[in-house]
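Working through the structure, step by step
Here's the letter readout for the chains.
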Amino acid sequence: ILSVKPSEIFERDENDLYLYVPISFSQAALGDEVSVPTLEKEVNIKIPIGTQSGTKFRLSGKGVPHLDGYGRGDIYIIVNVVTPKHFSKEQKKLFEELKKTEEKKSLLDKIKEFAKFR
């Protein structure tokens, strides 16, 4: 009988692990490199420009070892773009400037465009 203590940060599915990582709007929009934990050590993953909330990254062979001793599962990193609830005056000003430069589309056009990515 094997007993496994639940993790505070990983969700487990068989030998695969899932880690939900919050990133900022600017990290998602501009791209970044973030450090994420694995079972052994932290590793850096590249967040590409334009990353959407829910994007999944795979760290192959970094999950739980198979009981037969051959191979390991994977770690899946799922990013969640966090929208800030409060802004400094400078941040608010910058977002207002960004808003002015965004393309104006109807709600229906935005829905159709979003549907293409699913």
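Along each chain, numbering runs from 1 in the same order as the chain's sequence is written. With the structure being a predicted model, the display of local features is reserved for residues of pLDDT at least 70 and the display and counting of side-chain atom pairs for 80 or more, all residues being used for whole-chain, interface and lining totals. Water and hydrogen atoms were dropped before computing side-chain values, which therefore reflect all heavy atoms in the structure.

Notes on the packing of aromatic side chains
Note on aromatic pairs: the rings of Phe, Tyr and Trp (six-membered ring only in Trp) are paired at centre separations within 6.5 Å, and the planes decide the class, stacked below 30 degrees, edge-to-face beyond 60, tilted for the rest. In the structure shown here, the tally under the stated rule is 3 aromatic pairs. Arranged with centres 5.2 Å apart and planes meeting at 20 degrees, the rings of tyrosine 18 and tyrosine 76 form a pair that is stacked. Of this pair, tyrosine 18 sits in strand β2 (residues 16-24) while tyrosine 76 sits in strand β6 (residues 75-82), placing them 58 residues apart in sequence. A relative accessible area of 18% means that tyrosine 18 is categorised as buried. The buried label applies to any residue whose accessible area, calculated with a 1.4 Å probe on protein chains only, is under 20% of its type's maximum; exposed applies above 50%, and partly exposed to all values in between. The class for tyrosine 76 is buried, based on a relative accessible area of 16%. Each residue in the set Phe25, Phe87 and Phe95 is aromatic and connected to the rest through ring pairs, giving one cluster. Directly above the aromatic system of tyrosine 76 lies the positively charged group of lysine 56, at a separation of 5.5 Å from the ring centroid. Counting from the N terminus, the helices are DSSP H or I runs at least four residues long and the strands are E runs at least two residues long. A ring is scored as having a charge over it whenever the NZ atom of a lysine or the CZ atom of an arginine sits within 6 Å of its centre and within 35 degrees of its normal.

Some details on the sheet that holds β2
Note on pairing: two strands pair once DSSP finds at least 2 bridges between them. Reading across from one edge, β1-β2-β6-β5 is the order of the 4 strands in this open sheet, with mixed pairing throughout. Across the chains shown, the open sheet's two edge strands, defined by having one partner strand only, are β1 (11-13) and β5 (56-59). Direction aside, neighbouring strands of the sheet carry axes that sit 30 degrees apart on average. Note that β2 and β6 share 8 bridges and pair parallel. What sits directly across from proline 22, in β6, is asparagine 80. Angles here are taken between N-to-C directions and fall from 0 to 180 degrees, while the axes themselves are lines fitted to C-alpha atoms, restricted in helices to the stretch in contact.

Section: a nonpolar patch on the surface
Patch definition: residues above 30% relative accessible area lacking any salt bridge, with like charges linked at up to 9 Å and the nonpolar side chains Val, Leu, Ile, Met, Phe, Trp and Tyr linked at up to 5 Å. Here the open area of atoms and residues is found with the Shrake-Rupley method and a 1.4 Å probe, where only the protein chains shown may cover a residue. Just to be clear on terms, a salt bridge is a Lys or Arg side-chain nitrogen sitting within 4 Å of an Asp or Glu carboxyl oxygen. Together, Phe25, Phe87, Phe95 and Leu98 line one region of the surface with nonpolar side chains, adding up to about 330 Å² of accessible area. Tracing the chain through its elements places phenylalanine 95 in helix α2 (residues 89-101). Classification of phenylalanine 95 by relative accessible area gives partly exposed; the value is 34%.

So, unusual backbone geometry
Positive phi, close to 60 degrees, is recorded for glutamate 14, a residue that is not glycine. Its place among the elements puts glutamate 14 in the loop between β1 and β2.

Some details on the nonpolar core
Counting 18 residues, the largest nonpolar core has Ile23, Val36, Ile45, Ile47, Leu59 and Ile77 as its most contacted members. If you list the elements that add at least two residues to this core, you get β2, β3 (32-37), β4 (42-47), β5 and β6. We call two residues contacting when some pair of their heavy atoms lies within 4.5 Å. Those residues within four positions of isoleucine 23 in sequence are excluded, and the remaining contacts are Ala28, Ile47, Val79, Asn80, Val81 and Val82. In plain words, nonpolar cores are sets of buried Ala, Val, Leu, Ile, Met, Phe, Trp, Tyr and Cys residues tied together by side-chain atoms within 4.5 Å.

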